[in-house]
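# Structural overview
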Amino acid sequence: MTLLQVMAADNAADVRVRTTDTAEIAAELAEHGIAFSRWDVLADAAGTDSEALLAHYAPQIGELNAAGRYEHIDVARIHPDDDNPEWPATAAGARAKFLDEHRHAEDEVRFFAAGRGCFYLHLGDAVLATVCEAGDLLSVPAGTLHWFDMGTRPDFIAIRFFEEADGWIGDFTGDKISAGFPTLDELLTAP
């Protein structure tokens, strides 16, 4: 489920907004300069290779990148593999990479073709936990403090847009704020 939960930055228990209404989510995020929209979902995205996935979304990608700003567009995939004994360590390592607060030198633009993940946007006195699922497009402006949780059992496919090949590299703040907020799994099971 697509979800937005707005919490006080100094007290995660102070929940100011919790909604699954995509129009409300888009409006709330827009107030902070964050673009949120939805694209149609390809029924078998998980069974579609990356090249075919990019070809399927070529019209939307072309519209988003009409100015040619994004020179590097790729597909990131992570799926559970219970037959691989190394999978739990691989999943934990992938998850840990972006769990701490960081920023990027360019916009972080992601389209979720399948699965889900949560962007936590630290905006002044609030943290906006934005759970994105299949069909969601989120554009986080350059310099925005945030962290990302893919959950304890990561499973998603995301089309990523970069101006530079190293645009995904985070500038970590050293602030451990993320430890005080509910995880993706906790957000999804909260009443």
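Everything numeric in this text was worked out from a predicted model, so none of it was measured. (Residues numbered from 1 in each chain as written. Predicted model: local features only at pLDDT ≥ 70, side-chain atom pairs only at ≥ 80, totals over all residues. Heavy atoms only, no water.)

### Side note on the overall build of the protein
Summing up its helical and strand segments, the protein has five helices and eleven strands in all. The globule rule puts the C-alpha radius of gyration for 191 residues at 16 Å, and the 16 Å found for the protein is close to it. Dimensions of the protein, computed from the C-alpha atoms along their principal axes, are close to 45 × 45 × 30 Å. Classification of the 191 residues of the protein by burial places 45% in the buried group. Within the protein, residue pairs in contact and separated by at least 24 positions form 76% of the contacts whose partners lie at least 6 positions apart. Accessible surface computed for the protein: about 9200 Å², of which carbon and sulfur atoms make up 51%. If you average the places of the 13 positive and of the 34 negative side-chain charges in the protein, the two averages end up 3 Å apart. (Helix = DSSP H or I, 4+ residues; strand = E, 2+ residues; numbered from the N terminus. Rg over C-alpha atoms; globule rule 2.2 N^0.38 Å. Buried < 20%, exposed > 50% of the residue type's maximum accessible area, 1.4 Å probe, protein only. Contact = heavy atoms within 4.5 Å. Areas by Shrake-Rupley, 256 points an atom, 1.4 Å probe, with all protein chains shown as cover. Lys, Arg positive; Asp, Glu negative; His and termini not counted. Charge placed at Lys NZ, Arg CZ, Asp CG, Glu CD.)

### Observations regarding the pairing of strand S6 (residues 108-123)
Of all 16 residues in S6, 14 are buried, a share of seventy percent or more. As paired elements, S6 and strand S8 (residues 136-140) share four bridges and run antiparallel to each other. Bridge pairing in S8 links Phe-111 to Leu-137. Taken together, the eight bridges between S6 and strand S7 (residues 126-133) define a ladder with antiparallel strand orientation. Bridge assignment links His-122 to a residue of S7, and that residue is Val-127. Where S6 folds back onto S7 in an antiparallel hairpin, the turn is made up of two residues, including Gly-124, whose phi is positive at roughly 65°. Sheet topology places S6 next to strand S9 (residues 145-149); five bridges connect them, and they run antiparallel. Along S9, the bridge assignment pairs Phe-119 with Phe-148. (Pairing = 2+ DSSP bridges.)

### Quick notes on the nonpolar core
Here is a general trend for soluble globular proteins: nonpolar side chains tend to be buried in one another's company. With 24 residues, the main nonpolar core has Leu-29, Phe-119, Leu-121, Leu-128, Leu-138, Phe-148 and Phe-156 as its most contacted residues. Contributions of two or more residues to this core are made by strand S1 (3-8), helix H1 (22-30), helix H4 (87-96), S6, S7, S8 and strand S10 (156-162). It is S6 that provides the largest number of residues to this core, a total of four residues. Every residue in contact with Leu-138, bar those within four places of it in the chain, is listed here: Leu-29, Ile-34, Ala-35, Phe-36, Glu-108, Val-109, Arg-110, Phe-119, Thr-130 and Cys-132. If you look at the next biggest cluster of nonpolar residues, it comprises 15 residues, including Leu-53, Ile-157, Ile-159 and Phe-161. (Core = buried A, V, L, I, M, F, W, Y, C linked by side-chain atoms within 4.5 Å.)

### Digging into H1
Those residues of H1 lying buried are Ile-25, Glu-28 and Leu-29. When H1 is viewed along its axis, its buried side chains cluster within an angular range of 95° and face the same direction. Taken together, the buried residues of H1 touch S1, strand S2 (11-19), strand S3 (35-38), S6, S7 and S8. If you check the start of H1, you find a side-chain oxygen 2.9 Å away from the backbone N of Ala-23, and it comes from Asp-21. (Arc of directions from axis to C-beta. Polar contact = N/O pair within 3.5 Å; in protein donor to acceptor, adjacent residues only side chain to side chain.)

### Brief notes about the environment of Ala-91
With respect to the helices and strands, Ala-91 occurs in helix H4. On the basis of relative accessibility, which here comes to 4%, the residue Ala-91 falls in the buried class. Ala-91 sits 61 residues away from Thr-152 along the chain, and the two C-alpha atoms are 7.4 Å apart.

### Describing H4
Within H4 the residues assigned to the buried category are Trp-87, Ala-91, Ala-94 and Arg-95. Viewed along the axis of H4, the buried residues span an arc of 100°, placing them on a single side of the element. Packing partners of the buried residues in H4 comprise strand S4 (72-78), S9 and helix H5 (184-189).

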